[in-house]
Every structure is written in C-alpha cells, then in structure tokens.
Amino acid sequence: VCCRDFSISLPKNIEALNGSCVVIKCTFEIQDTYDKDLTESDATGLWLKDGTLPVNNQVFNSRDPKPNHFRGKITGKLHEKNCTTVFYNITLNHSGKYYFRIEGNGGLKWNYNINSTSINVINSPPKPTVQLYVEQKEVQDQEEVLEGSSVSLRCSAETLCSSPPPTLTWSSTPRIPLSESSRLQELISDLNFTATHRHHRVTFTCTITYQLQDENKTAQNSITLHVQYSPKNTSVSVIPSSSVLEGSSVTLICSSDANPAVLNYTWSRESEGQLEQLQTGDTLTFNRTNLKHRGWYHCTAQNQHGSQNSSVMLDIQ
C-alpha cells in the first residue's frame, strides 16, 4: 500500500468507574517515510489531556513518567502501531478529552489532533442488561411465557476495567443452576430453566459487583416473569358443611389457580354410574335439600391451556 498518512483509531467516548482503571483501545498509522524511525527501543507514546500542547497538556509519557502524571501503561506495542493504554487509580480528575502523540527516532514527532477520546468518570457502575429468551428467541416486550417452555434469562454487563474482574450474581426463588461465560469486554451469566406456574410473578435480579480498593460497588437490574398455565390446585368447599340436614340449604364453591383466570367452572354429579351435567359457574346452591341430592359432585375448572377437576361427597342426613 503506497503513501500511508498519519491517522489514528480511538473510541469516541469511554466510561470509567471511579476507583477502578480504564483501557483506551488505540491503533495508529504514520507516513511510510517514518517507518525507519519507529523502532521498539525508541518509540515513545504520550497522552495529552484537554489540549494539544506537548508540554502544558501532557499527562502521560511511556518513557519518562513525571510525579504529576497519571499512573498507567501502554499495553500495545508502539513499534507495531498499537497504542492501547491502561490508566490506573481512576479519579474524577481523569474526566476529559485525550489526544495521542507519537515520538520516535530521527524526525518522528506527531500529534494526532483531529481524533480524540473522551473519558467520563462515573461514581456508580452502569446497570447490567437483562434479556428474556423463550425457546432460544429473544422476547422484547415481556410477553407471557407458556408453562413448559424453555426459558433463558441472560444478564450481561461491560467489564469496564477492574482487577479482579467484576462478578455477576442472580437472586431469585426458586434457586436455578446458572452458567457463566466471560469475554474480554463483556461478562455474561445465563439462567436456564423450564417455566412452571411456580415462576409466575417471580422477580429475578442480577447484580454486578466491582471489588475496588476501598469499597465494593454494585448495580442491579431485574425482570419479573409472567407464566401462563392451566388450572392448578382446584378444590371444592361446602358451606356450611358436606353433611347437612334434609331441608336445609347448602352451597358448593369451586376455586382454582390459573393464568389467565379460569374461563368457566362446570358442575356435574354422579348418578347411577353416569355423570350428569348440572350448570356452570363457581357456585352450586341447593336451597332445600332432600335425599336425592346425596352423592358425589365434580367441578371442572378450565382455561385455554387445559382443565382440572375436583370432587366432594355431599351427605344428606
């Protein structure tokens, strides 16, 4: 490639956590006539802050650190045109606009004034991101999850720059095994499980914890699961009791837990080995009982996902 010119690649904006460290990813090009001056023994990287004067605005020199300079290190190899840099012990003083300068043997001295990177120092870490996947497809608007479907909750966060790296933890009931994966720039923790009615309205909270020198800093994000399921815990209660005197009134009440709510309750009665359909609704009342009312009564609760029934024996004294 002929006729390279001076250019630099920097992130426009970086967030850094107060008390932690910050990494500036950086690569640069120089005019090919200066290649001979960029040697491993002579290449020097400088960072200038809030201005481009090499003396007044200098906050870092890879070969000649000053007492008032920021503590840091160029982790890239300058002779390979990698100027990636880490600054340690970040304080609010690190907020500002940074320019890179390369110096080498001979006449190589260049300020990259056109492109800069802005560091914004924050006191609290950003919230992690929590995403819901159903059957391996991301769900954006927290649609309700169908019982029995495969659910994955993914918590992800930027690692920023801290040592040791931050950790992700889930708090939820019931407990679910989780899998973790860590990438260079991103931390990920997955909760994988099969949705049941017990997960309905359970809130899952993911917390990221940074262990800094003088304190721990945390941030968290939550998601509440909504699970659709067929009727559960269907039961029949009898008022005043399942054994009443002939001529008195009795009421049978059917209840069930379902999401969405039960669409209809259906009553039936065993008569000579056959089921006789009676009526719909969650209550069944006899104002004046007689001996013919004696027997087994069944209530069936139903919604669009299924049905469940419950039975009770009514005894007429």
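Thresholds, definitions, all that
Residues numbered from 1 in each chain as written. Predicted model: local features only at pLDDT ≥ 70, side-chain atom pairs only at ≥ 80, totals over all residues. Heavy atoms only, no water. Helix = DSSP H or I, 4+ residues; strand = E, 2+ residues; numbered from the N terminus. Rg over C-alpha atoms; globule rule 2.2 N^0.38 Å. Buried < 20%, exposed > 50% of the residue type's maximum accessible area, 1.4 Å probe, protein only. Contact = heavy atoms within 4.5 Å. Areas by Shrake-Rupley, 256 points an atom, 1.4 Å probe, with all protein chains shown as cover. Lys, Arg positive; Asp, Glu negative; His and termini not counted. Charge placed at Lys NZ, Arg CZ, Asp CG, Glu CD. Pairing = 2+ DSSP bridges. Axes fitted to C-alpha atoms, helices over the stretch in contact; angles between N-to-C directions. Core = buried A, V, L, I, M, F, W, Y, C linked by side-chain atoms within 4.5 Å. Salt bridge = Lys/Arg side-chain N within 4 Å of Asp/Glu carboxyl O. UniProt positions renumbered as here; feature names shortened; annotations may be inferred. Disulfide = S-S within 2.5 Å.

## Focus: the overall build of the protein
- Helices and strands together make up the secondary structure of the protein, namely zero helices and 27 strands.
- Rg of the C-alpha trace for the protein: 35 Å, well past the compact-globule value of 20 Å for 317 residues, more than 25% over.
- Principal axes of the C-alpha set define a box for the protein whose edges measure 115 × 45 × 30 Å.
- Going through the 317 residues of the protein one by one, you find that 43% of them count as buried.
- For the protein, the share of sequence-separated contacts (at least 6 apart) that also reach a separation of at least 24 residues comes to 62%.
- Summed over all atoms, the accessible surface of the protein reaches about 17,300 Å², with 46% contributed by carbon and sulfur.
- Mean positive and mean negative side-chain charge positions of the protein (27 and 31 charges, respectively) differ by 5 Å.

## Here's the deal with the environment of Leu 146
- Inspection of the secondary structure assignment puts Leu 146 in strand β13 (residues 145-146).
- Since its relative accessible area comes to 43%, Leu 146 is described here as partly exposed.
- Linking Leu 146 and His 305, residues 159 residues apart in sequence, is a C-alpha distance of 8.9 Å.
- Beyond its immediate sequence surroundings of up to four residues, Leu 146 is in contact with Ala 195, Val 227, Gln 228 and His 305.

## Digging into the sheet that holds strand β19 (residues 216-224)
- With antiparallel pairing, three strands are arranged side by side in an open sheet as β15-β18-β19. At either end of the open sheet lies a strand with only one pairing partner, and these are β15 (167-171) and β19. Put simply, the sheet's adjacent strands are angled 20 degrees from each other on average, direction ignored.
- Where β15 and strand β18 (residues 203-211) come together, five bridges link them in antiparallel fashion. Following the sheet pairing, Ser 171 is matched in β18 by Thr 205.

## A few points about the nonpolar core
- By size, the foremost hydrophobic cluster in this structure holds 29 residues, and its most contacted members are Leu 132, Leu 153, Trp 170 and Phe 204.
- Among the elements of the structure, β11 (129-134), β14 (150-158), β15, β17 (186-194), β18, β19 and β20 (227-239) are those that each provide at least two residues to this core.
- Other than its neighbours up to four places away in sequence, Leu 153 contacts Gln 131, Leu 132, Trp 170, Ser 189, Asp 190, Leu 191, Phe 193, Phe 204 and Ile 223.

## What about the pattern of salt bridges?
- Tallying each qualifying case throughout the model produces eleven salt bridges.
- Across the salt bridge formed by Arg 101 and Glu 103, the nearest N and O atoms sit 2.8 Å from each other.
- Of the charged contacts in the structure, one is a salt bridge between Asp 315 and Arg 294, with a shortest N-O distance of 3.3 Å. Placement of the pair is Asp 315 in strand β27 (residues 306-316) and Arg 294 in the loop between β25 (283-286) and β26 (295-303), with a sequence separation of 21 residues.
- Note on Arg 294: relative accessible area 38%, which makes it partly exposed.

## Focus: the sheet that holds strand β3 (residues 22-24)
- In spatial order, the strands read β3-β8-β7; together these three strands make up an open sheet with antiparallel pairing. Only two strands of the sheet have a single neighbouring strand rather than two, namely β3 and β7 (72-74). Within the sheet, the average angular offset between the axes of one strand and its neighbour, ignoring direction, is 15 degrees.
- Bridge count between β3 and strand β8 (residues 85-87): three bridges; the pairing is antiparallel. Residue pairing in the sheet places Val 22 in a bridge with Phe 87 of β8.

## Remarks on the environment of Phe 204
- By the secondary structure assignment, Phe 204 is in strand β18.
- Phe 204 sits 18 residues away from Ser 222 along the chain, and the two C-alpha atoms are 5.5 Å apart.

## Things to note about the UniProt feature "domain: Ig-like" (unreviewed entry) in the protein
- Taking the numbering used here, the UniProt-annotated feature "domain: Ig-like" (unreviewed entry) corresponds to residues 128-224 and 231-315.
- Across residues 231-315, helical content stands at 0% and strand content at 69%; the span's end C-alpha atoms are separated by 27 Å.

## Some remarks on the state of the cysteines
- Counting across every chain of the model gives four disulfides.
- Between the sulfur atoms of Cys 155 and its disulfide partner Cys 206 the distance amounts to 2.0 Å. Because the torsion about its S-S bond is -80 degrees, the bridge between Cys 155 and Cys 206 counts as left-handed. Here the residue Cys 155 occupies a position in strand β14, and Cys 206 occupies one in strand β18, the gap between them amounting to 51 residues.
- Note that Cys 254 is cross-linked by a disulfide to Cys 299, the S-S spacing being 1.9 Å. One quick way to see it: the torsion about the S-S bond of Cys 254 and Cys 299 is about -90 degrees, and its sign makes the bridge left-handed. Of this pair, Cys 254 sits in strand β22 (residues 250-259) while Cys 299 sits in strand β26, and the two are 45 residues apart along the sequence.
- Note on Cys 254: relative accessible area 2%, which makes it buried.

## Here we look at the pairing of β26
- In the sheet, strand β23 (residues 264-271) pairs with β26 via six bridges, with the strands oriented antiparallel. Looking across to β26, one finds that Tyr 265 is bridged to Ala 301.
- As defined by bridge partners, β26 adjoins β27 across nine bridges and the pair is classed as antiparallel. Paired with Cys 299 across the two strands is Ser 310, which belongs to β27.
- Here β26 folds back onto β27 in antiparallel fashion, the turn holding two residues.

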